[in-house]
Amino acid sequence: MNSKTSHCKIVDCTIRDGGLVNNWDFSVEFVQHLYNCLNDAGVEYMEIGYKNSPKLLKGADSAGPWRFLDDEFLRKVIPQKLNTKLSALVDIGRVDENDILPREQSMLDLIRVACYIQDVDKALELVQLFHDRGYETTLNIMALSNVMEHQLLEAFEQINNSVVDVVYIVDSYGSLKPNDFSHLVDKFRTHLPNKRLGVHTHNNMQLAFANTLIAAEKGVELLDASVYGMGRAAGNCTTELLVANLKNPKYKLRPVLDMIETYMIPLREKEEWGYIIPYMITGMLDEHPRSAMALRDTPDKDKSVDFYDKLTTPEVSHSK
Ligand SMILES: C[C@H](O)CC(=O)C(=O)O
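On a predicted model such as this, the values are computed, not experimentally measured, just so you know.

Undergrad: How do you make sense of the pairing of strand S7 (residues 196–200) when you look at a structure like this?
TA: Along any regular strand the residues' side chains alternate between the sheet's two faces. Of all five residues that make up S7, four are buried, and the element is covered over most of its length. As judged from the five bridges shared by strand S6 (residues 166–170) and S7, these two strands associate in the parallel manner. When the sheet's bridge partners are listed, Ile169 is paired in S7 with Val199. In terms of handedness, the path from S6 via helix H6 (residues 178–191) over to S7 forms a crossover that is right-handed. With helix H7 (residues 208–217) bridging S7 and the parallel strand S8 (residues 222–225), this β-α-β connection has right-handed handedness.

Undergrad: When you look at the nonpolar core in this model, what are you seeing that I'm missing?
TA: The nonpolar side chains of a soluble globular protein tend to be buried, and buried together. By size, the foremost hydrophobic cluster in this structure holds 91 residues, and its most contacted members are Ile48, Phe130, Ile159 and Phe188. Among all residues touching Phe130, those that are not within four sequence positions of it are Val90, Val95, Ile100, Ile111, Val113, Tyr135 and Thr137. Membership of the second largest hydrophobic core comes to nine residues, among which are Ala292, Leu295, Phe307 and Leu311.

Undergrad: Looking at this structure, how should I read the domain arrangement of the protein chain?
TA: As a measure of interface size, the accessible area lost when the parts come together is often cited. Domains assigned within the protein chain are domain 1 (3–270) and domain 2 (277–312). Computed from C-alpha atoms alone, the centre-to-centre distance between domain 1 and domain 2 is 26 Å. Contacts between the two partners involve ten residues from domain 1, matched on the other side by ten residues from domain 2. For the pair domain 1 and domain 2, the two sides together bury roughly 840 Å², of which 60% comes from carbon and sulfur. Together, Tyr173, Asn204 and Ala233 form the three largest contributors to the area buried by domain 1 at its contact with domain 2, with a combined 52%. At the boundary of domain 1 and domain 2, one finds zero salt bridges. A per-class count over the side of domain 1 that touches domain 2 returns four nonpolar, five polar and one charged.

Rules used in this analysis
- Residues numbered from 1 in each chain as written.
- Predicted model: local features only at pLDDT ≥ 70, side-chain atom pairs only at ≥ 80, totals over all residues.
- Heavy atoms only, no water.
- Buried < 20%, exposed > 50% of the residue type's maximum accessible area, 1.4 Å probe, protein only.
- Helix = DSSP H or I, 4+ residues; strand = E, 2+ residues; numbered from the N terminus.
- Pairing = 2+ DSSP bridges.
- Right-handed = clockwise from strand over helix to strand, strands pointing away.
- Core = buried A, V, L, I, M, F, W, Y, C linked by side-chain atoms within 4.5 Å.
- Contact = heavy atoms within 4.5 Å.
- Domains from an automatic or database assignment.
- Buried area = accessible area lost by both parts, 1.4 Å probe.
- Salt bridge = Lys/Arg side-chain N within 4 Å of Asp/Glu carboxyl O.
- Nonpolar A, V, L, I, M, F, W, Y, C, P; charged D, E, K, R; others polar.

Following this line, the structure appears as structure tokens:
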């Protein structure tokens, strides 16, 4: 075993981040098969969706059940929990604390709170609540490639005074190069000496796996990934690459290959994600992929020269 990565645990985000591709339209059979495959593969966590409240998120009526996880529903989907733990993500302002059962009554083990840097204080209030209800917790700071030094330093102080178990470096735009990523990991390790770390990467520049490995070798413990890379836009680091390369004897590749063959290859015929040129362009420009996602929904989806010119012409303004 490569001892430099033996401390790592994989958090599979196929349903949660992949749901951003297909509006969480996964069948119960798909999710059950994925859970069994991840468990057989030795993957430690499966993020089975969002635990946001439909009351606090307008216009989401058409989304599949994994967008607003319900504990009773979850008990039917996974009647018997195996070794793989279950996780859910919440966004600040979109979660109703009355929906969160004490952990001993819930199927969930881990609740992760996503926020932008300016909302770390609000996110940590939620973390405290979930911690008090018995859950493992993470704080996932999104879009870190766009963050200023003083914002980070202020956030580190708040995090050090909090109960959060794991702090995530999230490369939401898939724009961090290995040197930048490595630098960020060092900074987090220096300023958060008593916190465990995690990373979540996107594959806009085909660096998701490389950056995740760098983090692993620097001691980062929780590594996000998804099967066949299914995740928003360019997708994520793939679960199969981590299972195959972390070389922990508990990891088995065959069950992940089974999931890919049975469900992911047919799904990729219908839904689009992965390394595609407009996503590469937003990644290299350090931008949210929403403009590229909008382009991919039009007949001009492969007109990347025009798209590139628009994004790089100074007088055209576009929001991040
Ligand atoms: C908190 C999650 O890691 C959010 C996410 O997927 C992102 O890319 O941002």
